[in-house]
Amino acid sequence: MIRKSPRPVVDLLPRVAMLRLLAVLTIVLTPHLPRLPIWAAALVVVLIGWRAAAALNGWRMLSGAVRVVLTFSAFAGIYASFGRVSGQTAGVALITVMAALKLTELRARRDTMVMVFLMYFLLITHFLFSQEIWTAAYLLVCATLITGVLIDANHPGGGLALRPVLNLAGGMVLRALPLMLLIFVLFPRIPGPIWGLPADSGAARSGLSDSMAPGEISSLIQSGETAFRVRFDDTVPAPNARYWRGPVFSRFDGRKWDPGFRPSEDGVPSAELSGPVIRYEVVLEPNRARWLFALDLPSRFGLPQDAELNGDYQLVLSQGEVRERRLYRLQSQVQYRLQPAMSARQREWLTRLPRTSNPRTAALARSWRAQGLGDDAIVREALRRYREQTFYYTLQPPALGRDSVDEFLFDTRRGFCEHYASSFAVLMRAAGIPARIVTGYQGGEKSTVGDYWIVRQSDAHAWTEVWIEGRGWLRIDPTAAVAPERIERGIGEALASDDLPAFLNPALRSGLRFDLRARWDWLNAQWNYWVLGYGPELQQAVLSKLGLVDWRRMIIALTVLLSAALGVLGLLLLRRAAPVNREDEALKLWRRLQARLARAGLRQAPGEGPIDFAARVARIRPDLATTIREAAARYLAARYLQPPNDAADPSADRTARQALSAAIARVKP
Amino acid sequence: MNPSLQAVLQALSGIVLGKERQLRLALACLLARGHLLIEDVPGVGKTTLALALARVFGLDFHRVQFTSDLLPADILGVSIFDAPTATFRFHPGPVFSEVVLADEINRASPKTQSALLEAMEERQVTSDGATRALPDPFFVVATQNPGEQIGTYPLPESQLDRFLMKLSLGYPSRDAERALLIEPERRDLLADLPPVIGTVQLREFQRQVRSVRTSPALVEYLMALIRATREHRALRHGLSPRAGLALKHAAQAWALLEGRTGVIPEDVQAVFVAVAAHRLTVAERSDARAIADDILAAVAIP
């Protein structure tokens, strides 16, 4: 049996080049490591370390059989870990591990090339996981590094000095940027996010949910995350009118509110909007919800294509959910009359309460009714009760039992907006007035840097809508009765300072850190708006400003600009390749003459100098004697003799070139 | 062509008849601050040429006849005890002149040969611990007789390298022969030859030679020629880097003679055989000059 010994590491690459390649690979792979199964991450680290040690110590390479076994086991391992080998996480894990395995056969320049292109591809996969500014910056740095490896690999010998290589690579990346921007702006956008791969990561996002139980919103308040950003075209609504309408809940089970099953005959209720039209643009953070937020109350005109108003006048998506940051435009008016008329069936549905729960609340409402109070009066009476009795607005309400509304209204009296809204709606329903819960956000903070508003999770809010015959749905915010500053000045003002999450603490809301945070938010907002939010809608807006209103013109512009860019690039490269000094240019002209004379049978011998050649030509063809002698003299002057003193003067140089060109043209064999 | 050098050349061709090419090469050799080796039979005008070169530039001249018993001190000089001052005094030898004719250099012992050749290279003489500079300009014309082999010590290749050029004069042409026979003795004519240009101007020309331009294209050509000598089948050794430099300097001198500000390929070709042939180590029964000519014809001018 012939036993083949493993090939020794005869690195055909210089050791420096190999170590640099490994370093760049490490930088490129590192963000993926936490996303890998632990064994795969360990394998990648070990392989990189092993290859570096092998390069340093001249270890032997693994034999072919070991490599095959490793590769197939890694493949099987990925399949075992993910249940598949494609898709976002599994696919990236597979290519990451395979890139690391490629190191076991990395010896020559050819393999470096494969690695370089693998690394470029791996770089792109980072966008599947994050599209933050940091990611983009990191990718630019990585692209420069990989290009550096590519440059090094293209030099025979390799192992060039680091700085010039990085300078060149950086220059190349910089020069690619205009082209990148051009393609980014002009490349036709299809609806949908840029990086819309099937997301199997299932990352939970904080935000409002599709039901409301006591304590859910108050836990949301703890989060400083941005829910969405708003840019108003001109009119900015007053703080107490900034109610951002989200999920509407009409069914109460005694503790929890949810949308319930709306009676089927409901269409979109009629709404008469009045007052100034407020136009605005929302950049919504991904929340995996099936609804969008709108300023109370949105106009039914100019809605995003995939969104519609439902029976509760909530803006919902006709399909899918908000998985990616999205940009949409809306218009709203803050004065409205919503659904002035209502069917008996609907009224019954909207006053329904679980029969046995919250008996004390029901009794209170009935007592008002028994006093002969009308709907309006009952609403006022209820609000008066919140205002005049000692209710506390707090983020840490005591736990409530089964009859949560009873306990809250009569015993604890400490609660957050959801407690107030919920108890108020129950009171109204008990009195026979149709009522429902609206959740969403209230308020928002003006950016200190840019001209936009930030609405955070901490602005989450719940309020009530009651329906009064003839006036339609009225927004009643019982929280405003208890803690009016919450509505007027925001959550940070309404809570006692020891109750506040740290990011809302007024003591921390000034100074450098706060300022930096504001600026960072502004930068992120720009990024979200211009880069991530650059979908078909924004593209249309931008392009129509540039006068490119339809797709055809846009494609023409894209083609023209790209060809122009490539043309300029080509010309620059040609110029570089073409003779740049007068000596080489002289040679080019002389070659032209040689070719012309050769066609006439006068061939310059290899070792024949121009003067000798001219003399020979003059002997054979006396008619050419003068011209060929002059051409030869000018050629020699341009290529060999001392440049004239004014050679620095480009016009003199040009004159000399033209003279040579003319002299050569005069030789007509 | 430079008018002063034209005048020099004219004066020289009045003495050495019908050998314009050799005269030019010899002149170029002097301008390039190189030394000249003339290989020829006796009586073809070697001494006359050397003397004429010394005369036209107004240089002082010494002739040393090399024999087998010639000692280094006979060339370099000797220290003699001076009784009145009770010190040794150095009496400079014939090498301390601006033009030295070393006649039949291959007759002297290697020791004496190398004494002269070292002085040529260093342009100074060290004797009794004192270093004495040789005059500037300093130009050695050595001759050797190719026919005689008995009792001679042929110069080794390493020593030949010290000579910038090797020329042979050859018999005069028919017209020149007639003129030689009819006209007065060359030596008498020489005595009447006035200096055409002085030492100062000669040094200036020598300085100018170094600043004649060698363009990148020309350097490419030089390199191609040198590479060709190293790769040639019939040659055991090609041109050394020092030979390459010599070729460049000689070509520069030739270009200056031609009145050019830069060296052109023809200038290189003009001096190539004279500069290269004696430095090439040829296989048996090959002619270095023919090979050099072949190389010139074969190497393409880039």
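Relevant structure appears above.
About the thresholds
- Numbering of residues starts from 1 in every chain and runs along the sequence as written.
- As they are written, the chains are lettered A onward and the ligands numbered 1 onward, keeping that order.
- Where totals are concerned, whole chains, interfaces and linings use all residues; where local detail is concerned, this predicted model gives features only for residues with pLDDT of at least 70, and gives and counts side-chain atom pairs only at 80 or more.
- Derived side-chain values reflect all non-hydrogen atoms in the structure, with water molecules and hydrogen atoms excluded from consideration.
- In this description a helix means any DSSP run of H or I spanning at least four residues, a strand means any run of E spanning at least two, and both kinds are numbered starting from the N terminus.
- Any two residues having at least one pair of non-hydrogen atoms within 4.5 Å are treated as being in contact.
- Buried area: the accessible area, evaluated with a 1.4 Å probe, that two parts lose upon being put together, summed over both parts.
- A side-chain nitrogen of Lys or Arg and a carboxyl oxygen of Asp or Glu constitute a salt bridge if their distance falls within 4 Å.
- Distance and chemistry together define a polar contact, namely a pair of N or O atoms within 3.5 Å, with one atom able to donate a hydrogen and the other to accept it when in protein, and with adjacent residues in sequence counting only for side-chain atoms on both sides.
- For this scheme, ten residues count as nonpolar: Ala, Val, Leu, Ile, Met, Phe, Trp, Tyr, Cys and Pro. Four count as charged, namely Asp, Glu, Lys and Arg, and the remainder, Gly too, count as polar.
- Exposure above 30% relative accessible area and the lack of any salt bridge qualify a residue for a patch; like charges then connect within 9 Å, and the nonpolar side chains Val, Leu, Ile, Met, Phe, Trp and Tyr within 5 Å.
- Residue burial considers only the protein chains on display, and all accessible areas are found by Shrake-Rupley using a 1.4 Å probe.
- The criterion for strand pairing is that DSSP finds at least two bridges linking the strands in question.
- To estimate how far a helix should extend, the number of its residues minus one is multiplied by 1.5 Å.
- Accessible area is worked out with a 1.4 Å probe on protein chains only. A residue is then buried under 20% of its type maximum, exposed over 50%, and partly exposed in between.
- Directions pointing from the helix axis toward each C-beta atom define the arc.

Undergrad: Quick question: what am I supposed to make of the environment of Val 283 of chain A here?
TA: Residue and element names in this part refer to chain A. Assignment of secondary structure puts Val 283 in strand 6 (residues 278–284). The sequence separation of Val 283 and Arg 325 amounts to 42 residues, and the corresponding C-alpha distance is 6.8 Å. Sequence-distant contacts of Val 283, that is, excluding residues within four places in its chain, are made with Phe 228, Arg 229, Arg 325, Arg 326, Leu 327, Asn 528 and Tyr 529.

Undergrad: For this particular structure, what's the right way to read the interface of chain A and chain B?
TA: Interfaces are often described in size by the accessible area the parts lose on coming together. Contacts between the two partners involve 15 residues from chain A, matched on the other side by 22 residues from chain B. Both faces combined, the contact of chain A with chain B buries some 1,400 Å², and carbon together with sulfur accounts for 53% of it. If you look at where chain A meets chain B, you find zero salt bridges. Scanning the region where chain A abuts chain B turns up eight residue pairs in polar contact (both at pLDDT 80 or more). Where the side of chain A that touches chain B is concerned, the elements lending two or more residues are helix 20 (582–599), helix 21 (610–620) and helix 22 (625–639) of chain A. Broken down by element, the residue count for the side of chain A that touches chain B peaks at three residues, all from helix 21 of chain A. Taken together, the residues of the side of chain A that touches chain B break down into seven nonpolar, three polar and five charged.

Undergrad: Mind showing me how you'd approach a nonpolar patch on the surface here?
TA: The grouping of Trp 134, Trp 520, Trp 522 and Leu 523 of chain A at the surface amounts to a nonpolar patch, some 420 Å² of accessible area in total. When residues in the nonpolar patch are grouped by element, the largest group, three residues, is from helix 17 (residues 511–532) of chain A.

Undergrad: Just to check I follow, could you spell out the sheet that holds strand 10 (residues 326–332) of chain A for this structure?
TA: Sheet strands pair by backbone hydrogen bonding; their relative direction is either parallel or antiparallel. Residues and elements named next belong to chain A. The five strands lie next to each other as 10-6-1-16-15, forming an open sheet whose pairing is antiparallel. In this open sheet, the two strands that pair with only one neighbour each are strand 10 and strand 15 (445–446). Note that strand 6 and strand 10 share seven bridges and pair antiparallel. Residue pairing across strands places Glu 281 opposite Arg 329, the latter belonging to strand 10.

Undergrad: How should I be thinking about helix 9 (residues 199–210) of chain B in this particular structure?
TA: Turn by turn, an α-helix covers 3.6 residues, leaving residues three or four places apart pointing in a common direction. Residues and elements named next belong to chain B. Along its 12 residues, helix 9 runs 17 Å from first to last C-alpha, staying within 8% of the 16 Å computed at 1.5 Å per residue. For helix 9, every residue scored as buried is listed here: Thr 199, Leu 202, Phe 205, Gln 206 and Val 209. Projected down its long axis, helix 9 shows its buried positions confined to an angular sector of 115°, all on one face. Opposite the buried face of helix 9, by more than 90 degrees, sit the exposed residues Val 200 and Arg 207.

Undergrad: I keep staring at helix 3 (residues 46–56) of chain B and nothing clicks. Help me out?
TA: Residue and element names in this part refer to chain B. Of all 11 residues in helix 3, nine are buried; the element is thus mostly enclosed. By the burial criterion, the buried members of helix 3 are Lys 46, Thr 47, Thr 48, Leu 49, Ala 50, Ala 52, Leu 53, Ala 54 and Val 56. Following helix 3 by one or two positions, Gly 58 adopts a phi angle in the positive range, close to 65°.

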